[in-house]
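Architecture at a glance
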2 protein chains.
Amino acid sequence: MQAELLTIGDELLIGQIINTNSVWMAQKLNSIGVAVKQITTVSDQKESIIEAIDEALKRVDILLITGGLGPTKDDITKLALCQYFNVGLKKEEKVIAFIKTNFLKRGIAFLPVHEGQALILDNSDILFNHNGTAPGMWINHNGKIIVCMPGVPFEMKGIMVNEVLPRISKQFKLPFIIHNTIVVFGMPESDVADNIALVEDNLPEHIKLAYLPNFGMVRVRLSGTGANELKLRNEIDSYSSEIVRLLPSKHIGATNDFKLEEIIGQLMSAKNQTLAIAESCTGGYISHLITSVPGSSAYFIGSLIAYSYQVKTDMLGVSQQTLLAYGAVSEECVKEMVLGIKNKVNSDFAISTTGIAGPGGATNDKPIGTVWIAVAGPHGIETRKIMGNGERINVIERTAMVALDMLRHMILKN
Amino acid sequence: MQAELLTIGDELLIGQIINTNSVWMAQKLNSIGVAVKQITTVSDQKESIIEAIDEALKRVDILLITGGLGPTKDDITKLALCQYFNVGLKKEEKVIAFIKTNFLKRGIAFLPVHEGQALILDNSDILFNHNGTAPGMWINHNGKIIVCMPGVPFEMKGIMVNEVLPRISKQFKLPFIIHNTIVVFGMPESDVADNIALVEDNLPEHIKLAYLPNFGMVRVRLSGTGANELKLRNEIDSYSSEIVRLLPSKHIGATNDFKLEEIIGQLMSAKNQTLAIAESCTGGYISHLITSVPGSSAYFIGSLIAYSYQVKTDMLGVSQQTLLAYGAVSEECVKEMVLGIKNKVNSDFAISTTGIAGPGGATNDKPIGTVWIAVAGPHGIETRKIMGNGERINVIERTAMVALDMLRHMILKN
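Quick look at the structure, then.

Cut-off values and rules
- Residues numbered from 1 in each chain as written.
- Chains lettered and ligands numbered in written order.
- Predicted model: local features only at pLDDT ≥ 70, side-chain atom pairs only at ≥ 80, totals over all residues.
- Helix = DSSP H or I, 4+ residues; strand = E, 2+ residues; numbered from the N terminus.
- Buried ≥ 20, exposed ≤ 12 C-beta atoms within 10 Å, placed from the backbone.
- Contact = placed C-beta atoms within 7 Å.
- Pairing = 2+ DSSP bridges.
- Axes fitted to C-alpha atoms, helices over the stretch in contact; angles between N-to-C directions.
- Least-squares fit on C-alpha atoms with pLDDT ≥ 70 in both.

1. Here we look at the overall build of chain A
Along its length, chain A carries 16 helices and 17 strands. Each of the three principal axes of chain A carries a C-alpha extent, and together these read 75 × 60 × 40 Å. A total of 414 residues make up chain A; the buried ones form 50% of that total. In chain A, 66% of the contacts between residues at least 6 apart in sequence involve partners at least 24 apart.

2. What to know about the sheet that holds strand 10 (residues 207-214) of chain B
Residue and element names in this part refer to chain B. Here we have four strands laid out as an open sheet, ordered 10-11-9-12, and antiparallel in their pairing. The open sheet has two free edges, formed respectively by strand 10 and strand 12 (252-254), since each of these has just one partner strand. Strand after strand, the sheet turns through a mean of 25° between neighbouring axes, direction not considered. Looking at chain direction, strand 10 and strand 11 (residues 217-226) are connected through eight bridges and run antiparallel. Bridge assignment links Asn214 to a residue of strand 11, and that residue is Met217.

3. A few points about the environment of Asn394 of chain B
Of note, Asn394 of chain B is situated in helix 16 (residues 392-413). Sequence separation between Asn394 of chain B and Gly369 of chain B is 25 residues; the distance between their C-alpha atoms is 9.2 Å.

4. Some words on the relation of the copies chain A and chain B
Laying chain A over chain B is done by rotating through 180° and shifting 0.2 Å along the axis; what remains is an RMSD of 0.2 Å. Taken together, these values place the two copies in the relation of a two-fold axis. An overlap of 99% is found between the interface residues of chain A and their copies at the interface of chain B, pointing to a shared contact surface.

5. Quick notes on unusual backbone geometry
Note: most peptide bonds trans; most residues except glycine with negative phi. Residue and element names in this part refer to chain A. Residue Pro359 follows Gly358 across a cis peptide bond; omega there is 0°. In this structure, Pro359 sits in the loop between strand 15 (349-355) and strand 16 (370-377). The phi angle at Asn142 is positive, at roughly 50°, despite the residue not being glycine. With respect to the element layout, Asn142 can be found in the loop between strand 7 (136-141) and strand 8 (144-149). Judged by C-beta crowding, with 5 C-beta atoms within 10 Å, Asn142 ranks as exposed. The residue Asn272 is not glycine, and still its phi comes out positive at about 60°.

6. Remarks on the pairing of strand 3 (residues 62-66) of chain A
Residues and elements named next belong to chain A. The buried count for strand 3 comes to five of five residues, which makes it a mostly enclosed element. Here strand 3 shows no split at all, with Ile62, Leu64 and Thr66 on one side and Leu63 and Ile65 on the other all buried. Pairing geometry for strand 1 (residues 2-8) and strand 3, over five bridges, is parallel. By the bridge assignment, Leu6 is partnered in strand 3 with Ile65. Across five bridges, the pairing between strand 3 and strand 8 is parallel. Bridging across to strand 8, Leu64 finds its partner in Val147.

7. Some words on the sheet that holds strand 3 (residues 62-66) of chain B
Strands sit in the order 6(A)-7(A)-8(A)-3(A)-1(A)-2(A)-2(B)-1(B)-3(B)-8(B)-7(B)-6(B) across an open sheet of 12 strands; the sheet is mixed. Each end of this open sheet is capped by a strand with a single partner; those strands are strand 6 (124-127) of chain A together with strand 6 (124-127) of chain B. On average, each strand axis in the sheet is tilted by 15° relative to the strand beside it, whichever way the strands run. Of the pairings in the sheet, the one linking strand 7 of chain A to strand 8 of chain A comprises five bridges and is antiparallel in character. When the sheet's bridge partners are listed, Trp138 of chain A is paired in strand 8 of chain A with Val147 of chain A. Helix 2 (residues 20-31) of chain A rests against strand 1, strand 2 (35-42) and strand 3 of chain A of the sheet, and its axis sits at about 160° to strand 1 of chain A. Packed onto the sheet, helix 3 (residues 46-59) of chain B meets strand 1 (2-8), strand 2 (35-42), strand 3 and strand 8 (144-149) of chain B and runs at close to 165° relative to strand 2 of chain B.

See below:
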């Protein structure tokens, strides 16, 4: 069973916002056995919407539409659907009553404008929206399903979880879709492919292999579809093991699609070790990654974001002399920072960063992107200087990735 | 001039990665006067790619394709293009020499597999890739432009900036596209629309108005296209001023598309004030947002990410009694945290958070999503309890948004 996602909104086409809705929807659909064949984003224009719906329904059996259900003039998804299906809108008292009750709870006045939002297509069922005003709609048209939802993420998610996913599961006999990803560090994509060619060449039709390279890592993904969940999982596991066997073990990061911060979490939990961080140029981003992992409170003690000289000296114990002689962006400073935080909270491991993320702050001998990273463990310190390039956020992200990978290596060596 | 972005890759269709490439490309294209009419994502399957190219070239004059140029078997974009244009591949010695030089610098061996990557379509010009192996391609086909680039973000960005954008600007006479966004806090979308109906109803054809609601704010965007940059900018500015005049001033966050952390940066810089943060459940995310703003070192002193009890007491000065009597997730604790960090670094303002982001950590009287937030300024403290829902990252993001908005209000009142 294949679906298409149609996300409507000029904000997506001018790059004002990132299309996170489609990522979330694709994951949820996969989890119930629906594959996404295409994702299409079009403008808030009736002709574009109608054309996109028409083309999508030639390709797939399930079309999920988000966006353009608001109360303002740029919200024209319902008009486009009316024209496409040649139907009108109906007033549903149930929806109005539902919205009024919700508004009452939240102390909002119900106005005439909200009645317009409660109108749904003549040929649709209501999908109640517990997090907003505009209801979703479910349309069964010549055996195909068209679902229409608001684009506001938490409204769409509520309708998907409460209404859309259960209805799709009920209406169709769906297969199982299983993905497994092997994370490989420090090997070029082509080398990885050479090593595992034997597996790749002998995969059955229902299992696909894909490579996803980025920043010094390649994710090798096996994706399978099948009617028997256990059988499919066994097959995928068996091919995964074979791939792992064919690759040098020191390059294997994880045998599932874990992020670096999740891998570190697993390593630290397994060894019962603790982590603390002193961040300057990364400004809390590394701590955010570490704490985005559920259960991180078991190994993460805390961080100091030492942006000012004052915090570096008073709270972290970096010496005035070091700052005067070498500056804050120096190997001497990053070492004192990492030892400062490690000793202060008595952690097993620590990370520190200091650098110039830009666009300001560069000096003659320290251009934008100059970053020092230190990692400390039970058996010593390692430091590394990197030269990031690009925008501020790129320097921050690259620094975080390198720091976490240095930590991963140090934990493995201990 | 309209473009379409075709992003190829199963990883996008299963929700494994977010399509950040298309956001970046849309912004850059807008900046040189090219509007994006549609964004399409399809699978690594030849038929899907060919169909998408065919449909796109009916709609637009410029088609930018990313993904599927790697050395592995799942990379089939070139095969699809060859079939679509009915051409072969040519070996370009210039590309091979370029890659060899690049590899030599980075100490990588040039292997036969890399020669395949250097092949380009018979009907294409080379777009050199300074950050990777696979070159981009520029195809001029019946007056339409088709550009093909790798999907790895930093490789695509290099080719876009060095080759694609300059070539498009040279080949076409492009208009100017200007956006301006007014951020409105604490007003429902429909109320905003009612207030500014007079402006909306009288906009000229070449200027569009859009509403983008999310988390207690509505972004009102004016987007215009015109041949005379100065004239267009004046028009947009004039309509923006009119919109601002029609809305209650206390609800206006900013008259450009600033994020909350940028608005706070502007307010703090203008008043020469400083900020410090003590985060528990948000784990560094608020600090990350604050420090993602260029120039934040002028007003941001630093943060303590106090994940463990030990850091809360030893480094932040929260009393043992408070933790024992009320627990870490309490109004008492969040108050002591905010005063602890504020007094420690002597900042004008401070934020603190403590809560249960989940999925673990809930108790009978404190379910997942229970979060206390405090903001302190020169004239006192404000606290607020919120109940986040959804996944861990949603609780963290929602807490950060509420905390930053509380801070914004407090700065405005001082």
